[in-house]
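As a plain string of letters, each chain reads:
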Amino acid sequence: MFDPERLLQYLGNPGKYQVFLYFLVASNHIAMCFNNLNMAIFGAKNPHHCKLPENVTRDAAIPNITKAYGEVTFQSCKVYTNYSSLSNLTEYCPNGWEYLGESGEKNIIMEWNLVCDDAYLNGLSTTIYFIGVMIGGLLFGTLSDKYGRRPTLLFTLWGQMVLGVILSFLHNFIAFMVVRFFMGALLQGMQAISVALVMEFCQKKHRTPAGTIFGVLWATGIMYLAFIAWLIRDWHYIQLALSLHSILTLSYFWLVPESLRWFSTHNKLDEAEATLLMLAKRNRVQLPFDPLGRKEESGMSGEQLQKVEVVPVKSHSALDLFKTPEMRKRSFVMGYTWLAIAVGYYGLSLNISSFAGNIYLNVFIMGAAELPAYICSIYILGRFGRKKPLFAYLLIGGVMCIVAAVIPARTASGQDISIAATVVALIGKFGMAGCFSVIFMYTSELFPTVIRNVAVGACACMARFGGVLAPQILLLGEVTYTQVPFFIFGALAIVAAGLTFLLPEMLDKKLPDTIEDIEQSHVKTPPHRIADISLHDNGNI
């Protein structure tokens, strides 16, 4: 096994082609962003009421509801029998619904009438999507650790593009949910592999800025999603426009190489050398003679060396995340933390249509609010490490969610202050986004190369379980109190903040390659052993 860190030093500081690869592979986050958050717009709640005959007015046919503070609105799901209030009897909308959205606007709520008794189907479709995402994290993480980052990345990237185009032409709700389920699986595989690939092409001193690229592109993707949705308005064409962006990724077949660290852990020296030579050529740097050190270390002929170096590679699975004490601790803490972050993040994102203001503008501001969190992280993570920023972001997100829950819609005098809850919720969104700017990179650093993608995939699986829960927690708020989901989001985040103290700091530390590296790094050297080392090394530890 060779040292990938040493090889990366030969390629530059960092090499220009590595920088290009960082941005290229990290841009996959934009496709993930589009599909994870598009339901904030596709499934946005629109004001609606029963569809009425042309000669009937709402005042005469639809019951009124007096809300808090004296606000009067029309009943959304019932109409007077025979469209006459004189009967004093009501029935569910016999002729369907009329939606009060902007001109040209069409989302899945309008197309399939996901309102009233069928309103739960909106959240169910998002839950099913995230179940697919959850499965994809485990499945494709394992496949990429076994068969390589590059082939698995290409399969997931191009597969989600094809399904995204198919989705835009569907007019059946069941088919919509099924296709979204498989898209979710492919997208999560693509995301987990992209993170691992970027981290594995980085020297340790460059991991912080490289990791924050993902967040910057994610926030940019949210703003772009809001712009395209505002421009097009029809969910079919929005989906098609966003899916066709992935056509550019066909070039990855020629541009994206396999990970040198993956070659190292699988003893694929010839492939590693070919990739190293390709990267050196594109960086326009000269490699030293025998960069892998095979001839220097053995003094054998090439034929003899091949016989010696063929070492059986131990296979790993998700079970290895729990076999040793330190791996168990890291797995449980990171799994819960990912869950808490995702529940809060997606809960706030999917509920954006309930806040005061224009939905497209709110989504755009949501992305703009995240952008500073990611950009600042380039400095913050390099200066303060991983643990302290993660703790701070979790605390901000958790506290702001609870504050948003207790802010009333109106003052005692009746003044509308609902915008205040929107502002506080966006600050909470800033905190949750800041967590994501840390968590992907931190997770890839905490786990070894031999199981890194399995670990990232498993943690992302927990995050997607959070995505599964978020719509159901929001539904709980509709049948109980609207503030309940925000209390849940806040409590989960605050508990996760406390658990971060159980994790080690990884700033400027070498990426672990094996599970043994993890356990050895956690075991402190006994005092008598330090004395033995100092004597043996003439006092130089």
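Residue indices follow the written sequence of each chain, beginning from 1 at its first position. It should be noted that, the model being predicted, local features are given only for residues of pLDDT at least 70 and side-chain atom pairs only at 80 or more, the latter also being counted only at that level, while totals for whole chains, interfaces and linings use all residues. Side-chain numbers here rest on the full set of heavy atoms in the structure, without hydrogens or water.

A. Up close: the state of the cysteines. We call a pair of cysteine sulfur atoms a disulfide whenever their separation is within 2.5 Å. Inspection of every chain in the model, using the stated rule, returns two disulfides. C77 shares a disulfide with C116; S-S distance 1.9 Å. Between C77 and C116, the S-S dihedral sits near -100°, and the bridge is therefore left-handed. On the criterion of sequence distance, the pair formed by C77 in the loop between strand 3 (72-74) and strand 4 (78-80) and C116 in the loop between helix 6 (108-112) and helix 7 (120-147) is long-range, its members being 39 residues apart. What makes C77 buried here is its relative accessible area of 16%. For each residue, the accessible area found with a 1.4 Å probe, counting protein chains only, is set against the maximum for its type, and the residue is called buried under 20%, exposed over 50%, and partly exposed in between. Residue class for C116 comes out partly exposed when judged on its relative accessible area of 22%. Disulfides within the chain link the bonded cysteines, taken in sequence order, as 1-3, 2-4. In this text, helices come from DSSP runs of H or I with a minimum length of four residues, and strands from runs of E with a minimum of two, each type numbered from the N-terminal end.

B. Highlighting the environment of V179. With respect to the secondary-structure elements, V179 resides in helix 9 (residues 173-200). Measuring from C-alpha to C-alpha, the distance between V179 and L167 comes to 6.6 Å, with 12 residues separating the pair along the chain. Every residue pair with non-hydrogen atoms within 4.5 Å of one another is taken to be in contact. Excluding residues that lie within four positions of it along the chain, V179 makes contacts with L163, L167 and L170.

C. Here's a closer look at the pattern of salt bridges. For salt bridges, the criterion is a side-chain nitrogen of Lys or Arg within 4 Å of an Asp or Glu carboxyl oxygen. Tallied over the entire structure, the rule returns six salt bridges. Close ionic contact of K106 with E111 constitutes a salt bridge, the shortest N to O distance being 3.9 Å. Of the residues examined, K106 reaches a relative accessible area of 30% and is grouped as partly exposed. In this structure, E326 and K329 form a salt bridge, with 3.4 Å as the shortest nitrogen-oxygen distance. Here the residue E326 and the residue K329 both occupy positions in helix 17 (residues 325-350), the gap between them amounting to three residues, near one helical turn. Its relative accessible area of 2% is what places E326 among the buried residues. Judged by its relative accessible area of 28%, K329 falls in the partly exposed class. The network of salt bridges with shared partners includes E326, K329 and R330.

D. Representation of the confidence of the model for the chain within the structure. In predicted models, pLDDT denotes the confidence assigned by the predictor to each residue on a 0 to 100 scale. This prediction gives the chain a mean pLDDT of 80; 85% of its residues lie at or above 70. Segment residues 297-302 is flagged for pLDDT under 50; beyond a separation of four residues in sequence, or across chains, it makes four contacts in the model.

E. Up close: the side chain of N107. Within the secondary structure, N107 sits in the loop between strand 6 (97-99) and helix 6. Counted as a polar contact is a pair of N or O atoms within 3.5 Å, where, for protein atoms, one must be capable of donating a hydrogen and the other of accepting one, and residues adjacent in sequence contribute only when both atoms are in side chains. A polar contact of 3.0 Å, which involves the side chain of N107, links it to the backbone nitrogen of M110. Residues in contact with N107, not counting those within four places in the same chain, are I41, F42, A44, N46 and W235.

F. Focus on the environment of E516. As for its position among the elements, E516 is in helix 23 (residues 515-522). Take E516: its relative accessible area is 47%, and that puts it in the partly exposed class. As a C-alpha pair, E516 and P448 span 68 residues in sequence and 8.9 Å in three-dimensional space.

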